[in-house]
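Chain residues, written in single-letter form:
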Amino acid sequence: MLDGFAGSGSTGLAAILCGRPTDQMRKDAKRLNLDVRWGARKSVLYELGVLGSFVAEVLCNPPDPAEFRQAAEQLLADVRRQWSWLYGTRDPDGNNGEIRYVVWSDLMRCPKCNKHASLWDACVSRQPASISSTFTCPHCGNCAAVESLSRVRENVTDDILVRSRLTRRRVQAWVYGETNGKTWSRPAQACDKKIFQAIEHAELPGNVPLLQVQWGDLYRSGYHEGITHLHHFYTRRNLLAFSALWEATTCFSKRLQSSLRFWLLSYNSAHSTLMTRVVAKKGQNDLVVTSAQPGVLYISGLPVEKNIFAGVRRKIETMQRAFTMVHGHENLVEVRNSSSLDLDLPDESIDYVFTDPPFGNNIPYAEVNFINEAWLGRLTDATEEAIVSPHQHKSVDDYKELLERAFKEINRVLRPDSCATVAFHSASAGVWNALRTACENAGLHVARTSVLNKTQASFKQVRTNGAVKGDPLILLSKTRAPFNGLELDVWAVTKELVKQAANSDDPAEATPQRLYSRLVGRYMSSGHSIPIDAGAFYRGLQERHNRYAEQTV
Ligand SMILES: C[S@@+](CC[C@H](N)C(=O)[O-])C[C@H]1O[C@@H](n2cnc3c(N)ncnc32)[C@H](O)[C@@H]1O
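Because the structure is a prediction, the values reported are computed rather than measured.

Colleague: Sorry if this is basic, but what is going on with the packing of helix α6 (residues 190–201) against helix α7 (residues 236–248) here?
Modeller: Each packed pair of helices is defined by two parameters, the angle between the axes and the distance between the axes. Between α6 and α7, the shortest axis-to-axis distance is 9 Å and the interhelical angle comes to 55°. As judged from the angle between their axes, α6 and α7 are oblique. α6 and α7 meet at a crossing whose hand is left-handed. Listed contacts from α7 to Ile195, Phe196, Ile199 and Glu200 of α6 are Arg236, Arg237 and Leu240. Split into classes, the residues belonging to the contact of α6 with α7 amount to four nonpolar, no polar and three charged.

Here it is in structure tokens:
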């Protein structure tokens, strides 16, 4: 098996699990009436990204789970012995406690009284939790839209760059902690400032990468103000904690070191950095702490500083479980950190391809993964990254060219009677047509289409306006199906799809998102280009629905 856009290696994992199917896999196969021949498949994974291929390598060839656990616990205990004071504090009764996380806050300038106030004091309320987009000045009571206010900036000494730099001024706002197993929270106070002063003077381990951020499509002049280097994504406390953990991995054998680094990185970018956030959820008394928003490098005005030691400790169990699922198989997965535009594989040597290429401009992977790759000491060369990117000067047409080269290679290495499955989703007809043309020009033709019924939508699928839920699946073969030449009409096809959905047991079939996926499938498999974006399709569907409702009244 081959995956040319392997990411963190789920195709490799699936290939391994075919040899040791879980109970759920067996049940699903039975329910779907599939004639499965269980047995592990040999697979080769191509992934351009340094981080993706590192993760795939560890996940598909994991260490002994018990050995990993022992090493992780030992590493954490050693580092805590020296650094646990970083998260030490006083609880509301003045006893010694441990920080769980601290909510920091940007400082704003009130346009009326010109005084400074934190976003926390001016916009946040608890019980029930809310974050207002209106700034109410705690000094003069003036109200203004948060976006219209200027942030307070300050010049700070950067001892890694050995120069001063201008940055947004942030203050500790609210501290969440734990004393003898009992959790508490309180406003930040003098003792928190005092610890932070001690942290300012603590010497950083020598391993913090001094690396300039290669900003691309994700740079925003607002919330990325002053962030020029990797270490600016961290509070000094978390930079100390993370670099101490990272340094400690060097004491272990190479195999264990990779798995320990994988464990630390699984927490790092999303939880250890200033990208960690709080959100106000309806019906909740307090703000809910969450991870970084995936796929972007967003830093909120209320960033959260989590206790990294507590966070990585919680992950040991999850890692051990994941390693247990795949450990012990003979080495059947080969991960190549390389571009799939040039596959180092013989002609007609592959039985099956399963892949999901980047979906147009959905995620600039190399840029998103910059933070974790910086710790690994190697950044992805994005020259052949198959994405739409204004920053990289890659238009939809360039994206199509890159995909076409990859699909030509896939066609070359596939055996004559073999197939390739492509999982793909986009809300843009242009991106769909780029995929369609790339496959056709590469000599791969749509044999069938379906929908991957994932249990969980991706972040972009939940958040993007016009996003498509349930990735369409496209089966490509080397043989072209005869083109029937018939024109398709969007709304006539949709009417038919709505009828089919009404007869289906799956309520998801009737959702606009699923109908769009089915519509795309119908056009792809009959050799037509996709005529409509998801957004316009959803609006058209709504209008027709309203008109029909009026007529019935
Ligand atoms: C949608 S993701 C794949 C996710 C994957 N299925 C997984 O299990 O994580 C697409 C991947 O293609 C990779 N990619 C982009 N251009 C590539 C190229 N020319 N060669 C190989 N990989 C590439 C990206 O780095 C990204 O990890």
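Colleague: So what exactly am I meant to see when it comes to the site of the ligand here?
Modeller: Around the ligand sit 20 residues, and of these Ser8, Ser10, Glu47, Asp356 and Glu384 come closest. Ser339 places a side-chain nitrogen or oxygen 3.3 Å from a nitrogen atom of the ligand. Between the ligand and Asp356, the relevant distance is 2.5 Å, taken from a nitrogen atom to a side-chain nitrogen or oxygen of the residue. Protein chains bury 89% of the 600 Å² of accessible surface belonging to the ligand in isolation.

Colleague: Mind showing me how you'd approach the nonpolar core here?
Modeller: For soluble globular proteins, nonpolar side chains are generally found buried alongside one another. Among the nonpolar cores identified, the biggest contains 66 residues, and Phe233, Leu245, Trp263, Ile371 and Trp375 are the most heavily contacted of them. Contributions of two or more residues to this core are made by α3 (50–60), α4 (65–83), β4 (96–109), α6, α7, α8 (254–272), α9 (308–326) and α11 (370–376). Among the elements that take part in this core, α7 stands out by supplying eight residues, more than any other. Apart from the residues lying within four places of it in its own chain, the contact partners of Ile371 are Leu230, Phe233, Tyr234, Asn268, Ser269, Thr273, Met275 and Leu297. Counting 50 residues, the second largest nonpolar core, distinct from the first, contains Val353, Phe424, Leu515 and Tyr538.

Colleague: Just checking my understanding: could you explain the environment of Ser450 for this structure?
Modeller: Along the chain, the position of Ser450 falls in strand β21 (residues 445–451). Exposure remark for Ser450: the relative accessible area of 35% places this residue in the partly exposed category. C-alpha separation for the pair Ser450 and Leu473, spaced 23 residues apart in sequence, amounts to 4.9 Å. With near-sequence residues (within four places) excluded, Ser450 lies in contact with Asp471, Pro472, Leu473 and Arg518.

Here is what the cut-offs are and how they apply
Residues numbered from 1 in each chain as written. Predicted model: local features only at pLDDT ≥ 70, side-chain atom pairs only at ≥ 80, totals over all residues. Heavy atoms only, no water. Axes fitted to C-alpha atoms, helices over the stretch in contact; angles between N-to-C directions. Helix = DSSP H or I, 4+ residues; strand = E, 2+ residues; numbered from the N terminus. Parallel < 35°, antiparallel > 145°, perpendicular 65-115°, else oblique. Left-handed = near helix turned anticlockwise from the far one by under 90°. Contact = heavy atoms within 4.5 Å. Nonpolar A, V, L, I, M, F, W, Y, C, P; charged D, E, K, R; others polar. Near = heavy atom within 4 Å. Polar contact = N/O pair within 3.5 Å; in protein donor to acceptor, adjacent residues only side chain to side chain. Areas by Shrake-Rupley, 256 points an atom, 1.4 Å probe, with all protein chains shown as cover. Core = buried A, V, L, I, M, F, W, Y, C linked by side-chain atoms within 4.5 Å. Buried < 20%, exposed > 50% of the residue type's maximum accessible area, 1.4 Å probe, protein only.

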